[in-house]
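For reference, the chains in residue letters:
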Amino acid sequence: MERLDKILASQGAGTRSEVRKMIWAGKITVDGELCRSIDRRLEPSEHEIAVCGVPVCYRKHLYIMMNKPRGAISASNDSHVQTVIDLLDPSLRRKGLFPVGRLDKDTTGLLIITDDGAFAHAVTSPGKKVFKTYRATLDGALSEEDVRCLTEGAVIDGGEKCLPAQVAVLEEENFVYEIKIREGKYHQIKRMAQSVGRRVVSLERTAVGALTLDSGLARGEARELTEEEMTLPLIN
Ligand code: URA
């Protein structure tokens, strides 16, 4: 059982004090009955709460897919630089949202945003080894020997050894490759490319586990994961 003001604030209806004012102003109904008591306790999934007559679709956690644009940073807040959370439409905002893992400022593509710590841990935990798929445009072609180095486990600067990656050619003439990795080391794809004498010109994440980037989402756009997507095996 939770307090009504806390439930509404958790669903993005406003800050705790904004929500209280709405309750006092008689804008909230519970199962069709006006409720002016901020400390009313209820089980949110068992009642229909409405704000100004519009039902609140209660969700314990939010799971969002964003097509990250260049320039935004994978953080929850920053006083100087635009974060991925700043880009969210107000209808998707709520307290506690954070990006699941990090993409570099200049990397685009699939980023999951949630307020569910256990889910984020399951996806990013090194032990789970979830495959992340990238479309990498390089400054030149990979030789067979380069591909062998990457697929056997690149040794990146400082002597750190990566787990074996999967590499496929997407556009030979434009040096575009699909690279799948099971870790999330700092600048990993860029450092892997560097280890075979190549530079990443652009990088887009296209999938996390079996969840693929919705091609209908423009850069900077986001939407909730569908029920079907929520059932996909993120963990391979
Ligand atoms: N590897 C990188 O180099 N950058 C990213 O953003 C993700 C993977």
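Before going into details, it helps to say that this report is about the structure given with it. Predicted, not measured: the structure shown is a model, and the values here were computed from it.

1. A few points about the pairing of strand E15 (residues 200-208)
For a regular strand, side chains alternate in direction, first toward one face of the sheet and then toward the other.
At step 1: In terms of strand pairing, strand E9 (residues 108-114) meets E15 through two bridges, oriented parallel. Across the sheet, residue Gly-109 finds its bridge partner in E15, namely Arg-205.
At step 2: For strand E10 (residues 132-138) and E15, the ladder comprises seven bridges, and the chain directions are antiparallel. Residue pairing in the sheet places Arg-135 in a bridge with Glu-204 of E15.
At step 3: Looking at chain direction, E15 and strand E16 (residues 211-212) are connected through two bridges and run antiparallel. Residue Val-208 lies in a different strand from E16, and its bridge partner there is Leu-211.
At step 4: Between E15 and E16, which follow one another and run antiparallel, lie two residues, and Gly-209 among them has a positive phi close to 55 degrees.

2. As for the side chain of Asp-116
At step 1: With respect to the helices, strands and loops of the structure, Asp-116 is situated in the loop between E9 and helix H3 (117-124).
At step 2: Buried within the structure, Asp-116 lacks any salt-bridge partner; Lys-60 is the closest side chain of opposite charge, at an N-O distance of 8.4 Å.

3. Observations regarding the site of the ligand
At step 1: The immediate surroundings of the ligand are formed by Leu-103, Asp-104, Thr-107, Tyr-134, His-187, Gln-188, Ile-189, Lys-190 and Leu-203.
At step 2: Within the contact set of the ligand, an oxygen atom lies 3.4 Å away from a backbone nitrogen or oxygen of Gln-188.
At step 3: For the ligand, whose unbound accessible area comes to 240 Å², protein coverage reaches 95%.
At step 4: Its atoms largely coinciding with the cavity grid, the ligand occupies the largest pocket.
At step 5: If you tally residues by element for the shell around the ligand, the top one is helix H5 (residues 188-195), at three residues.
At step 6: Counted by class, the shell around the ligand contains four nonpolar, three polar and two charged residues.

4. Examining the environment of Ala-25
At step 1: Looking at where Ala-25 falls in the secondary structure, it is placed in the loop between helix H2 (16-24) and strand E2 (28-30).
At step 2: Through-space distance from the C-alpha of Ala-25 to that of Cys-35 is 9.7 Å; in sequence the pair is ten residues apart.

5. A few points about the sheet that holds strand E3 (residues 33-34)
At step 1: Overall, antiparallel pairing links the four strands, which are arranged E3-E2-E5-E6 in an open sheet. Each edge of the open sheet is held by one strand with a lone partner, namely E3 and strand E6 (54-55).
At step 2: In this structure, strand E5 (residues 49-51) lies alongside E6, joined through two bridges in antiparallel fashion. Residue pairing across strands places Ala-50 opposite Pro-55, the latter belonging to E6.

6. So, the environment of Phe-98
At step 1: Tracing the backbone shows Phe-98 in strand E8 (residues 98-99).
At step 2: Considered as a pair, Phe-98 and Thr-231 are 133 residues apart in the sequence and their alpha carbons are 21 Å apart.
At step 3: Look past the residues within four positions of Phe-98 in its chain and what remains in contact with it is Ser-76, Ile-85, Ile-112, Ile-113, Thr-114, Asp-115, Asp-116, Gly-117 and Ala-120.

7. Observations regarding H3
At step 1: Three or more residues of H3 are buried, namely Phe-119, Ala-120, Ala-122 and Val-123. The buried residues of H3 occupy one face: seen down the axis, they fall within an arc of 160 degrees. Facing away from the buried side of H3, by more than 90 degrees, are the exposed residues Ala-118 and His-121.
At step 2: Where the residues of H3 are buried, they touch strand E7 (63-68), E8, E9 and E15.
At step 3: Structurally, the start of H3 carries an N-cap: the backbone nitrogen of Ala-118 is 3.2 Å from a side-chain oxygen of Asp-116.

8. A few points about the pattern of salt bridges
A side chain of one charge can pair with a side chain of the opposite charge if their charged atoms are brought near each other.
At step 1: Considering all chains together, one arrives at 18 salt bridges under this definition.
At step 2: With a closest N to O distance of 3.3 Å, Arg-16 and Asp-5 form a salt bridge. With Arg-16 in helix H2 and Asp-5 in helix H1 (residues 4-10), this pair connects stretches of sequence that are eleven residues apart.
At step 3: Assessed through its relative accessible area of 0%, Asp-5 is described here as buried.

What counts, and where the lines are drawn
Counting starts from 1 at the beginning of each chain's written sequence and moves along it residue by residue. Only residues with pLDDT of at least 70 get local features here, since the model is predicted, and only at 80 or more are side-chain atom pairs given and counted; chain-wide, interface and lining totals rely on the full set of residues. Excluded from the side-chain calculations are hydrogens and water; all other atoms, namely the structure's heavy atoms, are used. For two strands to be treated as a pair, DSSP must find no fewer than two bridges joining them. Strands are runs of DSSP state E lasting at least 2 residues, helices are runs of H or I lasting at least 4, and numbering of each runs from the N terminus. Note on exposure labels: buried denotes an accessible area under 20% of the residue type's maximum, exposed denotes more than 50%, and partly exposed covers the range between, all computed with a 1.4 Å probe on protein chains only. We treat Lys and Arg as the positive residues and Asp and Glu as the negative residues; His and chain ends play no part in the count. Criterion for a salt bridge: a side-chain nitrogen of Lys or Arg within 4 Å of a carboxyl oxygen of Asp or Glu. By convention in these notes, a residue is near a molecule or strand provided one of its non-hydrogen atoms lies within 4 Å of it. N or O atoms within 3.5 Å of each other form a polar contact, as long as, within protein, one can give a hydrogen and the other can take it, and as long as residues adjacent in sequence are counted only when both atoms are side-chain atoms. Surface accessibility follows the Shrake-Rupley procedure with a 1.4 Å probe radius. Residue values consider only the protein chains on display as shielding. The distinction between a cavity and a pocket rests on a 1 Å grid over the protein atoms alone: a 1.4 Å probe fits inside a cavity but cannot get out, while a pocket stays open yet meets protein on both sides within 12 Å along at least five of seven lines, and a residue with an atom within 4 Å of a point counts as lining. For this analysis, a molecule is said to be in a pocket or cavity if more than half of its atoms are within 2 Å of the grid points defining it. When residues are grouped by polarity, Ala, Val, Leu, Ile, Met, Phe, Trp, Tyr, Cys and Pro land in nonpolar, Asp, Glu, Lys and Arg in charged, and all others, Gly among them, in polar. For this analysis, residues touch if any pair of their heavy atoms sits within 4.5 Å. What the arc covers is the set of directions going from the helix axis to the C-beta atoms.

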